[in-house]
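Inside the fold
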Amino acid sequence: MPAVRLLPPTQFFDRDQWSAITRVSPWRGIWLVAHGWIVSIAVLGVAAWLANPLGWLAAVIFVGGRQLGFAILMHDAAHGALHPNRKINNFLGDWLTGAAVGSDLIAYRTYHLQHHKFTQQAEDPDLSLSKPFPTTRASLWRKAARDLTGQTFFKQRVAQFGFAIVGLKAMLRGEKAEKGKASTKAGTPFNKQSDDGMTSPTVDVAGAMAVTRAVGRFLTVQAVLLALSLLLYGWTPYLLWLAGLATTFQLYLRIRNIAEHACTTTGSDDPFTHARTTRAGWLARATVAPYWVNYHAEHHLFMGVPCYRLPEVHAALGRAGRHGDMTIAPTYLSVLRQVTAARA
């Protein structure tokens, strides 16, 4: 299949405007990462201090949104849009965002750019996320139940840790990946909702070792968080963090994935049909749509734009009268209603 057609930005922006919109700030990405951690720590700290089950429930609801936010910020880093310095950008994406939820920046970048090139076509590695839709409400409820009971988390972690063990054994044997060749099979759990939680089967040594390194970063971050929790307020904050990671984060990730591409009419000749934008109120922004991820149509039209400038792109497209050409949903609930049916 041909690659999707790109939209020339000159149709909507002059050179100075486009330069300003695509300029990566040296501080805003850092602030967004800090914001995610500040909110997470504050929510967990207050819940632990209250020592009330309702407070614990609220913490799990909202910390899951920040955990999704870390995945979104890692996504920006995959596009080189989190910081203008590549080393800082990759550090933020690998250690301060991706590692928090068990994802690997490089593996994610490898397959995600393929997703942009062949959106919703046979070569799209994310096609499995939208292909099952429309589906029944019963099917979606079953998936949501698996997310909220930790079954999805457990299944993904078992797959990830299994590949990590294979990679660790290869490292101990002294095996090395082919120099200069990035693995396309390394996978990244928690950025897809595939059956095993991985981007693709990890069958090569490079892929397995990439998973090993990703697990190492994940466990390091978890150890730091646990140590801080025990030092400052006992087990409760970390257990709430882990509960969010195993439940609400999984559900929010699924809803976000559905909203972005499920039941959209995609064709390589019309870049306005590649993705859906969903309007988000404060509750959605705190849970399923952190850091402007709801502007997904705009992201596919102009993938080099940092997340914090996507509202400007949305406004510019509106002024140009192009919102009618886009798939724009009023709420995430309306999307879920659209992609499901009462009966099979």
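Residues numbered from 1 in each chain as written. Predicted model: local features only at pLDDT ≥ 70, side-chain atom pairs only at ≥ 80, totals over all residues. Heavy atoms only, no water.

**Looking at unusual backbone geometry**
That bond from Phe133 to Pro134 is cis: its omega, 5°, falls within 30 degrees of zero. Residue placement: Pro134 occurs in the loop between α6 (127-130) and β1 (135-136). Phi is positive for Tyr291, which is not a glycine, with a value near 55°. Mapped onto the elements, Tyr291 comes out in the loop between α12 (282-286) and α13 (296-301). Assessed through its relative accessible area of 8%, Tyr291 is described here as buried. (Helix = DSSP H or I, 4+ residues; strand = E, 2+ residues; numbered from the N terminus. Buried < 20%, exposed > 50% of the residue type's maximum accessible area, 1.4 Å probe, protein only.)

**Examining the side chain of Asn89**
Here Asn89 lies in helix α4 (residues 86-101). Polar contacts involving the side chain of Asn89 include one to the main-chain amide nitrogen of His83, which spans 3.3 Å. Here Asn89 is in contact with Ala77, Gly80, Ala81, Leu82, His83 and Arg109, once residues within four sequence places are set aside. (Polar contact = N/O pair within 3.5 Å; in protein donor to acceptor, adjacent residues only side chain to side chain. Contact = heavy atoms within 4.5 Å.)

**Some points on the confidence of the model for the protein chain**
Residues at a pLDDT of 70 or more form 90% of the protein chain, whose mean pLDDT is 89. Within the model, the stretch residues 182-201 combines pLDDT values under 50 with 78 contacts to residues more than four positions away or in other chains. (pLDDT = per-residue confidence, 0-100.)

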